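Architecture at a glance
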Amino acid sequence: MDTRSDDTQALDVDRMQDLLDRDAIRHIQIRYSWSLDNHRWEALGEIFLPDAVADFRGEVFEGLEAIVAKCASSLEPLDGAQHMNGSHWAQVNGDEAIAGCYFIATKYIADTPGGNTHSIGGKYIDQMVRTPDGWRIAHRLLEPTFIDGNPEIEAIAQARWAARLED
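For the structure given in this document, a descriptive report is provided here.

Cut-offs applied
Residues numbered from 1 in each chain as written. Predicted model: local features only at pLDDT ≥ 70, side-chain atom pairs only at ≥ 80, totals over all residues. Heavy atoms only, no water. Core = buried A, V, L, I, M, F, W, Y, C linked by side-chain atoms within 4.5 Å. Buried < 20%, exposed > 50% of the residue type's maximum accessible area, 1.4 Å probe, protein only. Helix = DSSP H or I, 4+ residues; strand = E, 2+ residues; numbered from the N terminus. Contact = heavy atoms within 4.5 Å. Polar contact = N/O pair within 3.5 Å; in protein donor to acceptor, adjacent residues only side chain to side chain. Patch = residues over 30% accessible without salt bridge, like charges linked within 9 Å, V, L, I, M, F, W, Y side chains within 5 Å. Areas by Shrake-Rupley, 256 points an atom, 1.4 Å probe, with all protein chains shown as cover. Salt bridge = Lys/Arg side-chain N within 4 Å of Asp/Glu carboxyl O. Pairing = 2+ DSSP bridges. Disulfide = S-S within 2.5 Å. Expected span 1.5 Å × (residues − 1). Arc of directions from axis to C-beta.

**Some points on the nonpolar core**
Residues Tyr-32, Trp-41, Leu-44, Phe-48 and Met-128 are the most contacted members of the largest nonpolar core, which totals 35 residues. At the level of elements, helix 1 (6-37), strand 1 (48-56), helix 2 (64-75), strand 4 (96-108), strand 5 (117-131), strand 6 (134-149) and helix 3 (152-166) are the ones that each hand at least two residues to this core.

**Focus on the environment of Thr-131**
Structurally, Thr-131 is set in strand 5. As for Thr-131 and Glu-96, which are separated by 35 residues in sequence, their C-alpha atoms are 9.6 Å apart. Residues in contact with Thr-131, not counting those within four places in the same chain, are Leu-49 and Arg-136. Engagement of the side chain of Thr-131 in a polar contact is seen with the backbone oxygen of Gly-134, the distance being 2.7 Å.

**Some words on a nonpolar patch on the surface**
Where nonpolar side chains cluster on the molecular surface, the patch consists of Met-16, Leu-19 and Leu-20 and spans about 280 Å² of accessible area. Counting through the fold element by element, Met-16 comes out in helix 1.

**Digging into the pairing of strand 6**
Taken together, the five bridges between strand 1 and strand 6 define a ladder with parallel strand orientation. Across the sheet, Asp-55 pairs through a bridge with Leu-141, a residue of strand 6. Looking at chain direction, strand 5 and strand 6 are connected through 14 bridges and run antiparallel. When the sheet's bridge partners are listed, Met-128 is paired in strand 6 with Ile-137.

**Quick notes on the side chain of Ser-33**
Counting through the fold element by element, Ser-33 comes out in helix 1. Filtering out sequence-adjacent residues up to four positions away, Ser-33 remains in contact with His-83 and Asn-85.

**Remarks on the state of the cysteines**
Following the criterion strictly, the structure yields zero disulfides and no others. Of the cysteine sulfurs around Cys-71, a residue in no disulfide, the closest is that of Cys-101, at 14 Å. Note on Cys-71: relative accessible area 5%, which makes it buried. For Cys-101, a relative accessible area of 1% puts it in the buried group.

**What to know about helix 3**
Relative to the 21 Å expected for 15 residues at 1.5 Å per residue, helix 3 spans 21 Å between its end C-alpha atoms, a close match to the ideal helical length. Among all positions of helix 3, only Ile-153, Ala-157 and Trp-161 are buried. Buried residues of helix 3 fall within an arc of 70° about the axis and therefore sit on the same side. Looking at the buried residues of helix 3, the elements they touch are helix 2, strand 4 and strand 5.

Right, dumping it as structure tokens:
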């Protein structure tokens, strides 16, 4: 004998959709980190809207092409990088959501005087939109909490990138 009313069943469906949405958003955030570490720039088109905006520590990049260019120029010159995230959260309101997660991103260049790594920790805060192809980031804010390690890693990476562009 089913003692639930029709209202209770509707609430169950709503709850299930909320869980599915939050899980899909979490996978977008995880895929972002995977895409960066594996230099899969084309995958960013499945993460960001074409007209997305990314604010990375006060540097604002408008449009998918600008976001991809920034990510590639920051990460390709490195000997390695690792982006780890966790403590994901999302507030879904229909076809829009505010979501975020904490992250630690470490950049590595071997044999660098002063240390081989440079890390930043903080949180991403995302404005998300549901599209026919799934959730996408419309706006990403990178809010740093700490920066540690050798800041020369950034300068060396940029010098390597500039040299690559000259070739």
